[in-house]
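Chain by chain, the residues:
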Amino acid sequence: MDNVGFGFAPVRGALMVARAAAALILVSSLFILVGHLTDWSVLYRPLPGGPATHPLTAALAVCLGAGLMLVSPTRREPGAARFCFGIAAGLAATRLFEVVFLASPKPQVDGA
């Protein structure tokens, strides 16, 4: 069991997949934010008339993707990744507060 660690082939493979997923999340979320800034709805609303991605949700995904890209088994001080994850936690709390307390209630639809 001494050879099981970050040099172990399945662990290296999992780290490569995680970094690729983090890069995909980061790039797609940046596209969503650019779409909101430029008002190009195709980037944040993939289906015409469908639901759109909220800018806070995209910013949260950017922070998570950047944090995952910064995580490395060879770094002794993961301060930058922790900072990104802290910002993401703050954005998640902000979005949750907005949805729970600031969202207008949906109108009731009568079945009759």
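In case you missed it, the structure is sitting above this.
Residues numbered from 1 in each chain as written. Predicted model: local features only at pLDDT ≥ 70, side-chain atom pairs only at ≥ 80, totals over all residues. Heavy atoms only, no water.

### Some remarks on the overall build of the chain
When its secondary structure is counted, the chain shows four helices and zero strands. Taken from the N to the C terminus, the helices and strands of the chain come in the order α-α-α-α. Burial analysis of the chain (112 residues in total) assigns 16% to the buried set. The long-range share in the chain, meaning contacts at least 24 apart out of those at least 6 apart in sequence, stands at 54%. (Helix = DSSP H or I, 4+ residues; strand = E, 2+ residues; numbered from the N terminus. Buried < 20%, exposed > 50% of the residue type's maximum accessible area, 1.4 Å probe, protein only. Contact = heavy atoms within 4.5 Å.)

### Some points on a nonpolar patch on the surface
Taken together, the side chains of L96, F97, V99, V100, F101 and L102 present a nonpolar region at the surface, about 650 Å² in accessible area. Position of V99 among the secondary structure elements: in helix α4 (residues 79-102). (Patch = residues over 30% accessible without salt bridge, like charges linked within 9 Å, V, L, I, M, F, W, Y side chains within 5 Å. Areas by Shrake-Rupley, 256 points an atom, 1.4 Å probe, with all protein chains shown as cover. Salt bridge = Lys/Arg side-chain N within 4 Å of Asp/Glu carboxyl O.)

### Remarks on the packing of aromatic side chains
Aromatic ring pairs are reported here in terms of the distance separating the ring centres and the angle at which the planes meet. Scanning all chains against the criterion turns up one aromatic pair. With centroids separated by 5.0 Å and ring planes inclined at 45°, the aromatic side chains of F97 and F101 adopt a geometry described as tilted. Here F101 and F97 lie together in helix α4, a separation of four residues that amounts to about one turn. For F97, a relative accessible area of 46% gives the class partly exposed. (Phe/Tyr/Trp six-rings, centres within 6.5 Å; stacked < 30°, edge-to-face > 60°.)

### Things to note about the packing of helix α3 (residues 55-70) against α4
Closest axis-to-axis distance for the α3/α4 pair is 8 Å, and the angle between their directions is 160°. Regarding the angle of α3 to α4, the classification is roughly antiparallel. In this structure, α3 meets α4 at a crossing whose hand is left-handed. Contact with α3, carried on its side by L56, T57, A59, L60, C63, L64, A66, G67, L68 and L70, involves A80, A81, C84, F85, I87, A88, L91, A92, T94, R95 and E98 of α4 and no other residues of that element. A class-by-class count of the residues in the contact of α3 with α4 yields 16 nonpolar, three polar and two charged. (Axes fitted to C-alpha atoms, helices over the stretch in contact; angles between N-to-C directions. Parallel < 35°, antiparallel > 145°, perpendicular 65-115°, else oblique. Left-handed = near helix turned anticlockwise from the far one by under 90°. Nonpolar A, V, L, I, M, F, W, Y, C, P; charged D, E, K, R; others polar.)

### A closer look at α3
Relative to the 22 Å expected for 16 residues at 1.5 Å per residue, α3 spans 23 Å between its end C-alpha atoms, a close match to the ideal helical length. Where α3 is concerned, the buried positions are A58, A59, A61, V62, C63, G65 and G67. Those residues of α3 hidden inside the fold are in contact with α1 (9-38) and α4. (Expected span 1.5 Å × (residues − 1).)

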